[in-house]
Amino acid sequence: MADKKEILAPSPIEKIKDESAYLRGTITESLNDPLTGGMRAVDQVLIKFHGTYQQQDRDLDDERKKQKLEPLYSFLIRVRVPAGVTTAAQWLAMDDLSEQYGDKTLKLTTRQAFQFHGVLKRNLKRTIKEINDSLLDTIAACGDVNRNVMCSANPFESPVHAEVAEDARKISAHLTPSTNAYHEIWLDGKLIEGGEKEEEPLYGKLYMPRKFKTAIAIPPRNDTDVLSNDLGFIAIVENGKLTGYNVTIGGGMAYTFGNNETYPRVADVVGYFPKEQIEAVSEAILIFQRDHGNRSERKNARLKYTVDRLGLEFFYAEIKRTNGIVLAPNKAYSFETMGDKYGWLKSADGLWHYTVFVEGGKLIDRNGYLAKMAIREIATIHKGTFILTGNQNVVIAQVEEGEKSKVEAILKKYKIIDTAKISLLRQNSIACAALPYCGLAFAEAERYLPTLVSKIDQLLEANDLLQTPISIRMTGCPNGCGRPFLAEIGLVGRAPGVYNLYLGASFVGDRLNKLYKEMVNEEQILEALAPLLEDYAKNRTTEERFGDFVIRKGYIKATLAGKEFHN
Ligand code: SF4
């Protein structure tokens, strides 16, 4: 089958990458320009590959305009944490940096990364340098490259988890860009004479057509939302041993309002391979997308569109031709949940692990709830590690029997929420950062979802559903950073206080939801949900999930493929 890719002019971002001398651009000049708190337009594109975005505090826009000042520019910095595992020393370093240079909050992202917000340009270089001093980094945390590689949380739960986490780190290392620009710009590394001649063997000068996301899940837990990734791996465990992976391609969340050529998509599970081939398979699929992704229209550039445009037969033929990869038929697996296991868990090696619920992934000390301070104090005595989860929570991992009571005492001292006391809706909630910093947000998410959940909780309580797990996710725009299209209740911002309401996703992350009500405010959201929840409470079958129920009862049609999302 011939490549059906149309030859169209490359997008302007392709030109920026091409002329950037492997991601250098004029970033250093922008950083050194004292006349503005922002970066040059071209460098705003390039710094993403280095793990940082220029943002502005939108809460202050009007006031600053009145004062004839430029917007208050600041920077988001995303710290790559492959498989989400950090040491206690690294945790303390990240906490310190958030206090010193950020807005004193620490965001745990849906991709197991740390995120700082509100870093001013004058502090950008030293913050990134200090992140590297702690042996973490920010390269490829954003941009058209392979992003932070996710892995089912708690690698210490079983030897298989540890092995899979190690594979996540291998993929991450294998697919990290090799340009020296990052070291030159942020770490005062030696300038390579004629940097434009430097080679980037895997990516080439143009890098990927668009972002490329990779995750691994270990059934029965789909806590990484593996099918929402460009590239995914489902661990296959036989007789207690990891034998290999089913590979998944073409997942993705974003779409553009009013453009039905764009849609979220659940990945296809395309075959099995033995575990030894994990780097080779990752590379082959990255190369497939590198060479066949749409470089003209960024809205259609993700692997999900490449797969739909070229078809799976072409994909199989290409990975065989370029990298000699031949996949075997899929092996059986099944998912039970996308959520985390909260509270204490003991692993086979006798160590304990405590998962702390972090609402919206935002660690902040406010309103008497001092979660950030609590985890900081635990980090000062903790001999094990911390694991960021794909659900924006944190696991205090590898706690020895003798240390457990000390950790517990700190959790109690700071009244860290006992998850048994909060609704399962809240426990299964995710929100993206949205306002005030995200320039793409049409509406609030992280700052508002907790309030809305409290109101939906009242409906749940009235129907005795507080302890029934239902997933809810909210984002400020359809870019989908919080993966709203895989939530049983999905809310996506349209305007301040106004959202699209989506229903009908599965609870395990293998079926998208669909638009149920457009442009609804809080009152209308609650009005729309009330009769459905009442009906669900009365008429659900045993173990029936809310997302399945609304389809069975005909409230919404099932979305069985990305292309059906709008129908
Ligand atoms: Fe911003 Fe949209 Fe991503 Fe939310 S989903 S962080 S609003 S880009």
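Residues numbered from 1 in each chain as written. Predicted model: local features only at pLDDT ≥ 70, side-chain atom pairs only at ≥ 80, totals over all residues. Heavy atoms only, no water.

A. A look at the overall build of the protein. When you go through the protein residue by residue, the secondary structure sums to 17 helices and 22 strands. In terms of C-alpha radius of gyration, the protein reaches 23 Å, essentially the compact-globule figure of 24 Å for 567 residues. Its C-alpha atoms give the protein principal-axis dimensions of about 70 × 55 × 55 Å. Across the 567 residues that make up the protein, the buried fraction comes to 58%. Within the protein, contacts between residues at least 6 apart in sequence are counted, and of these 68% link residues at least 24 apart. In the form shown here, the protein has an accessible surface area of approximately 22,600 Å², with 52% of it arising from carbon and sulfur atoms. Between the mean site of the 74 positive side-chain charges and the mean site of the 75 negative ones, the protein shows a separation of 1 Å. (Helix = DSSP H or I, 4+ residues; strand = E, 2+ residues; numbered from the N terminus. Rg over C-alpha atoms; globule rule 2.2 N^0.38 Å. Buried < 20%, exposed > 50% of the residue type's maximum accessible area, 1.4 Å probe, protein only. Contact = heavy atoms within 4.5 Å. Areas by Shrake-Rupley, 256 points an atom, 1.4 Å probe, with all protein chains shown as cover. Lys, Arg positive; Asp, Glu negative; His and termini not counted. Charge placed at Lys NZ, Arg CZ, Asp CG, Glu CD.)

B. Quick peek at the pattern of salt bridges. This structure, assessed with the given rule, holds 43 salt bridges. With a closest N to O distance of 2.9 Å, lysine 125 and aspartate 188 form a salt bridge. Of this pair, lysine 125 sits in helix H6 (residues 121-133) while aspartate 188 sits in the loop between helix H8 (181-186) and strand E7 (214-217), and the two are 63 residues apart along the sequence. Looking at aspartate 188, the relative accessible area reads 57%, which means it is exposed. (Salt bridge = Lys/Arg side-chain N within 4 Å of Asp/Glu carboxyl O.)

C. Representation of the sheet that holds strand E8 (residues 231-238) within the structure. Across the sheet, which stays open at both edges, the five strands sit in the order E6-E7-E8-E9-E10 with mixed pairing between neighbours. Bordering the open sheet on either side are strand E6 (150-151) and strand E10 (268-274), each of which pairs with just one other strand. The sheet contact formed by E6 and E7 spans two bridges and is parallel. Opposite methionine 150, over in E7, you have alanine 215 as the bridge partner. Contacts from helix H7 (residues 159-174) reach E6, E7, E8 and strand E9 (241-249) within the one sheet, and its direction differs from that of E9 by about 45°. (Pairing = 2+ DSSP bridges. Axes fitted to C-alpha atoms, helices over the stretch in contact; angles between N-to-C directions.)

D. Highlighting H7. Taking 1.5 Å as the rise per residue, H7 with 16 residues should run 22 Å; its terminal C-alpha atoms sit 23 Å apart, in good agreement. If you follow the buried residues of H7, they end up packed against E6, E7, E8, E9 and helix H9 (278-292). (Expected span 1.5 Å × (residues − 1).)

E. Seen up close, the packing of aromatic side chains. Enumeration over the complete set of coordinates arrives at 26 aromatic pairs. Aromatic pair tyrosine 342 and phenylalanine 357: ring centres 5.8 Å apart, planes at 80°, arrangement edge-to-face. One end of the pair, tyrosine 342, is in the loop between helix H11 (312-323) and strand E11 (343-346); the other, phenylalanine 357, is in the loop between strand E12 (352-356) and strand E13 (362-363), with 15 residues separating them in the sequence. The exposure class assigned to tyrosine 342 is buried, which follows from its relative accessible area of 16%. Relative to phenylalanine 565, the ring of tyrosine 502 lies with its centre 5.8 Å away and its plane at 15°, an arrangement referred to as stacked. With a gap of 63 residues between them, tyrosine 502 in strand E21 (residues 498-503) and phenylalanine 565 in the segment after helix H17 (546-552) connect regions that are remote in the sequence. Take tyrosine 502 and phenylalanine 565: they sit in the same class, and that class is buried. Here the guanidinium or amino end of lysine 331 rests over the ring plane of tyrosine 272, the centre of that ring lying 4.7 Å away. (Phe/Tyr/Trp six-rings, centres within 6.5 Å; stacked < 30°, edge-to-face > 60°. Lys NZ or Arg CZ within 6 Å of the ring centre and 35° of its normal.)

F. Fine view of the site of the ligand. Cys432, Ala434, Cys438, Leu440, Ala441, Thr475, Gly476, Cys477, Asn479, Gly480 and Cys481 make up every residue found near the ligand. Split into classes, the residues belonging to the shell around the ligand amount to seven nonpolar, four polar and no charged. (Near = heavy atom within 4 Å. Nonpolar A, V, L, I, M, F, W, Y, C, P; charged D, E, K, R; others polar.)

G. Fine view of the sheet that holds strand E2 (residues 73-79). Read from one edge to the other, the open sheet built from five strands follows the order E1-E2-E5-E4-E13, with strand pairing classed as antiparallel. In this open sheet, the two edge strands, each paired with only one partner strand, are strand E1 (52-56) and E13. Alignment of strand E4 (residues 106-108) against E13, held across two bridges, turns out to be antiparallel. Its bridge partner being in E13, lysine 107 is matched across the sheet by lysine 362.

H. Structural context of the nonpolar core. Judged by nonpolar contacts, the single largest core of 103 residues is most densely connected at Trp91, Phe114, Phe233 and Ile285. Broken down by element, this core gets its largest block of residues, seven residues, from H9. Of all hydrophobic cores here, the second largest spans 36 residues; its members include Leu435, Leu526, Ala528 and Phe546. (Core = buried A, V, L, I, M, F, W, Y, C linked by side-chain atoms within 4.5 Å.)

I. Spotlight on the domain arrangement of the protein. One can read the domain layout of the protein as domain 1 (151-339), domain 2 (343-421) and domain 3 (424-564). One C-alpha centre belongs to domain 1, the other to domain 2; they are set 30 Å apart. Of the roughly 740 Å² buried at the junction of domain 1 and domain 2 (both faces included), carbon and sulfur atoms supply 63%. When residues of domain 1 are sorted by the area they lose upon contact with domain 2, Asn154, Phe156 and Glu157 head the list and together hold 63% of the total. Where domain 1 meets domain 2, there are zero salt bridges. Counting every contact that joins domain 1 to domain 2 gives two residue pairs in polar contact (both at pLDDT 80 or more). (Domains from an automatic or database assignment. Buried area = accessible area lost by both parts, 1.4 Å probe. Polar contact = N/O pair within 3.5 Å; in protein donor to acceptor, adjacent residues only side chain to side chain.)

J. Main features of the environment of leucine 459. Its location among the elements puts leucine 459 in helix H15 (residues 449-462). For leucine 459 and leucine 526, which are 67 residues apart along the polypeptide, the C-alpha to C-alpha distance reads 8.2 Å. Once residues within four sequence positions are removed from consideration, leucine 459 is found in contact with Leu526, Leu529, Ala530 and Leu533.

K. Inspection of H11 at higher detail. When the terminal C-alpha atoms of H11 are compared, their 16 Å separation across 12 residues agrees well with the 16 Å that a helix rising 1.5 Å per residue should span. Those residues of H11 that fall on the buried side of the exposure criterion are Phe314, Phe315, Glu318 and Ile319. Angular distribution of buried residues about the axis of H11 spans 125°; they occupy a single face of the element. Away from the buried face of H11 by more than 90 degrees, exposed residues Glu313, Lys320 and Arg321 are located. Check the buried side of H11 and you find it contacts E9, E10, H9 and helix H10 (303-310). (Arc of directions from axis to C-beta.)

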